[in-house]
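# Topology and contacts: notes
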Amino acid sequence: MSEKVLSHLMPLPTPCYVIDEQALTDNLKLLQRVEQETGCHVLLAQKAFSAYHVYPLIASYISGTTASGLFEAQLAYEEMGNKQIHVYAPAFKDEDFDELLRICDHIVFNSFSQWKHFRSKALQHPEIEFGLRINPEYSEIETDIYNPCFTNSRLGITLASFEEKELEGISGLHFHTMCEQGADTLERTLRVVEEKFSKYFHRMKWLNFGGGHHITRPDYDLEKLIGCVNDIRNRYGVDIYLEPGEAVALNAGYLVTSVLDLVKNNMDIAIVDTSAACHMPDVLEMPYRPAVIGSQDPGVLPYTYRLGAPTCLAGDVIGDYSFDHPLQIGDKLVFTDMSIYSMVKNNTFNGMPLPSIYLLKSDGTTRLLKQFGYEDFKSRL
């Protein structure tokens, strides 16, 4: 990050999220290139990033969105403009399905039992395309909580449970087996998917490769992705969909926090006005240690601090960091890559205020998008 960008963040009240419009645009241009060089359709997976104020920007580069249920689908319908809306859920509620039929272009079912339950109503809507999620029982994700193919997973139809006689009305197959992974993982996954399910591809109009593609990561092999997509598309004559969430807003946002207090218990500890548990839950769920601008690993620079939250949760610790100067009460720190899986997952445990949301525009100005207060906490209960 440039000093100029950092200077725009320092005056902001904390805690706050900041979406970086230029970084977001750079990601979108790369995703648009994938569409242009393959003819595939890239969809924003809203489960990672649903800051709808920038949906018009996103819509100007990629084909649309995918939703995990009615509320995300409704958000896309209201804010994304005339773009594609796909939806998938492990199970749909009867009372939601009529509304999904009204607003979605593609609806993907998790099981044949769900398809058979909704089929008669679905087939009254020839303008909508329906698909099934398959489970190739192959994934390179090592953490079970993020692995859709772990033993006894509820997600997708395995080959043993596939009912070929029930495919009338189905126009596509969907699989999602990846998380923060590269094109080499996709290449190996496609071999397994083809081996198990390619005998059904000739009956399909499209295949959806799901999400987890880290397309905008600096070391991502973009040419391999393009080759994989073109290979399947050309050999089977199907349209291809990709559903990145992280890749859309990867490294396109920050969380700015202030130091509230400095204490010592065998090491120096800084209490900050943000919380891992409340404002960046993946720090504890993954777990991982988010980067802080101007810091290094503990012990690398002269002054090491543990950054902790002002909640009562003993484990609400963000991580240990070293700095080239002693921290002072009132200092502001900037966590990076805080657009994805942050705003969409935050909560008000302990009555913690939700961070405001700002947009750092390409011209260097900042705009307040959303500010939260006591009523936002009270109204959730």
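Just so it is clear, the model here is predicted, and its values are computed rather than measured. (Residues numbered from 1 in each chain as written. Predicted model: local features only at pLDDT ≥ 70, side-chain atom pairs only at ≥ 80, totals over all residues. Heavy atoms only, no water.)

### A short note on the overall build of the protein chain
Along the backbone of the protein chain there are 12 helices and 16 strands. Taken over the C-alpha trace, the protein chain has a radius of gyration of 22 Å; the compact-globule value for 381 residues is 21 Å, and the two agree within 12%. With the principal axes as the frame, the protein chain shows a C-alpha extent of 70 × 45 × 45 Å. Across the 381 residues in the protein chain, those meeting the buried criterion constitute 54%. In the protein chain, of all internal contacts separated by at least 6 residues, the share reaching a separation of at least 24 is 68%. Accessible surface computed for the protein chain: about 16,900 Å², of which carbon and sulfur atoms make up 49%. Mean positive and mean negative side-chain charge positions of the protein chain (33 and 51 charges, respectively) differ by 3 Å. (Helix = DSSP H or I, 4+ residues; strand = E, 2+ residues; numbered from the N terminus. Rg over C-alpha atoms; globule rule 2.2 N^0.38 Å. Buried < 20%, exposed > 50% of the residue type's maximum accessible area, 1.4 Å probe, protein only. Contact = heavy atoms within 4.5 Å. Areas by Shrake-Rupley, 256 points an atom, 1.4 Å probe, with all protein chains shown as cover. Lys, Arg positive; Asp, Glu negative; His and termini not counted. Charge placed at Lys NZ, Arg CZ, Asp CG, Glu CD.)

### A look at unusual backbone geometry
Residue Pro 15 is bonded to the preceding Thr 14 through a cis peptide linkage, with omega at -5°. Going from Met 286 to Pro 287, the amide bond is cis rather than trans, its omega being -15°. Assignment of secondary structure puts Pro 287 in the loop between α11 (282-285) and β12 (303-308).

### Things to note about helix α2 (residues 21-38)
The end-to-end C-alpha distance of α2, which contains 18 residues, comes to 26 Å, matching closely the 26 Å that a straight helix rising 1.5 Å per residue would cover. N-capping of α2 is provided by Asp 20, with a side-chain oxygen placed 3.1 Å from the backbone N of Gln 22. Just downstream of α2, Gly 39 is the residue with a positive phi angle, here 75°. (Expected span 1.5 Å × (residues − 1). Polar contact = N/O pair within 3.5 Å; in protein donor to acceptor, adjacent residues only side chain to side chain.)

### As for the nonpolar core
If you look at the biggest cluster of nonpolar residues, it comprises 100 residues, and the most contacted ones within it are Ile 58, Ile 107, Phe 209, Leu 225 and Leu 307. Here this core gets six residues from one element, more than from any other, and that element is helix α8 (residues 222-236). Apart from the residues within four sequence positions on either side, Leu 225 is in contact with Val 34, Ala 183, Leu 186, Ile 215, Tyr 220 and Leu 242. Listed in part, the 11 residues of the second largest apolar core include Val 5, Leu 6, Leu 12 and Tyr 254. (Core = buried A, V, L, I, M, F, W, Y, C linked by side-chain atoms within 4.5 Å.)

### Comments concerning empty space enclosed by the protein
Taken as a whole and judged by the stated rule, the model has one cavity of 30 Å³ or more. Quantified by volume, the largest cavity comes out at close to 30 Å³. Lining the largest cavity are Phe 175, Leu 190, Val 193, Glu 194, Phe 201, Leu 207, Phe 209 and Ile 232. For the lining of the largest cavity, the leading source of residues is helix α7 (residues 183-197), giving three residues. Its residues assigned to classes, the lining of the largest cavity shows seven nonpolar, no polar and one charged. (1 Å grid on protein atoms, 1.4 Å probe; cavity = no way out; pocket = protein on both sides within 12 Å on 5 of 7 lines; lining within 4 Å. Points joined across faces, edges and corners; volume = space filled by probe spheres on them. Nonpolar A, V, L, I, M, F, W, Y, C, P; charged D, E, K, R; others polar.)

### A word on the sheet that holds strand β9 (residues 239-242)
Overall, parallel pairing links the eight strands, which are arranged β2-β3-β4-β5-β6-β7-β8-β9 in a closed barrel. The mean inter-strand angle of the sheet, taken between neighbouring strand axes irrespective of direction, is 25°. In this sheet, strand β3 (residues 64-67) lies alongside strand β2 (residues 41-45) in parallel orientation, the contact comprising three bridges. What sits directly across from Leu 43, in β3, is Gly 64. Together, β8 (206-208) and β9 form the strand contacts of α8, whose direction differs from that of β9 by roughly 145°. (Pairing = 2+ DSSP bridges. Axes fitted to C-alpha atoms, helices over the stretch in contact; angles between N-to-C directions.)

### Examining the packing of α2 against α8
Across the interface, α2 lies against α8 with an axial gap of 10 Å and an inter-helix angle of 35°. Every pair of crossing elements has a handedness; the one defined by α2 and α8 is right-handed. When α2 is examined against α8, the residues Leu 30, Arg 33, Val 34, Glu 37 and Thr 38 are found in contact with a partner set consisting of Leu 222, Glu 223, Leu 225, Ile 226, Val 229, Asn 230 and Arg 233. Class assignment for the residues of the contact of α2 with α8 results in six nonpolar, two polar and four charged. (Left-handed = near helix turned anticlockwise from the far one by under 90°.)

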